[in-house]
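Results of the structural survey
Chain by chain, the residues:
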Amino acid sequence: MLKSFGALPTEERARAMKDRDYLWCLANELLDGEQELERLCPECRERALGAPCPVCGQKREAWGEGSANASFDQERFERMRGGERK
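A brief look at the structure comes next.

The next thing to look at is the pattern of salt bridges. Tallying each qualifying case throughout the model produces four salt bridges. We note a salt bridge from R13 to E11, for which the minimum N-O separation is 2.9 Å. When its relative accessible area of 45% is taken as the criterion, R13 is described as partly exposed. For E11, a relative accessible area of 26% translates into the label partly exposed. Close ionic contact of E36 with R39 constitutes a salt bridge, the shortest N to O distance being 3.2 Å. With relative accessibility at 47%, the residue E36 sits in the partly exposed group.

Spelled out as structure tokens, the structure:
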């Protein structure tokens, strides 16, 4: 949330914010995003809701198998999630 306002956590204005202030800002940011989408035609709205690559804009559906992390060890993850070390 602070990034949206260009504020650092150490700034006085950020330290003065309470949890309810963050919640209020987040709710209004979500509503603003919905209003922006409502302004778009159906085709543009569909494009805007897609998750394109932030660099080249390629659609996620076109990424193919490369979208998964090949070095991710699911078994190790499950063990560690359960509290085991190795």
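Picking up after the structure, the text goes on.
With respect to the element layout, C56 can be found in the loop between helix 4 (42–49) and helix 5 (74–81). Among the residues examined, C56 registers a relative accessible area of 57% and is labelled exposed.

How each quantity is defined
Residues numbered from 1 in each chain as written. Predicted model: local features only at pLDDT ≥ 70, side-chain atom pairs only at ≥ 80, totals over all residues. Heavy atoms only, no water. Salt bridge = Lys/Arg side-chain N within 4 Å of Asp/Glu carboxyl O. Buried < 20%, exposed > 50% of the residue type's maximum accessible area, 1.4 Å probe, protein only. Helix = DSSP H or I, 4+ residues; strand = E, 2+ residues; numbered from the N terminus.

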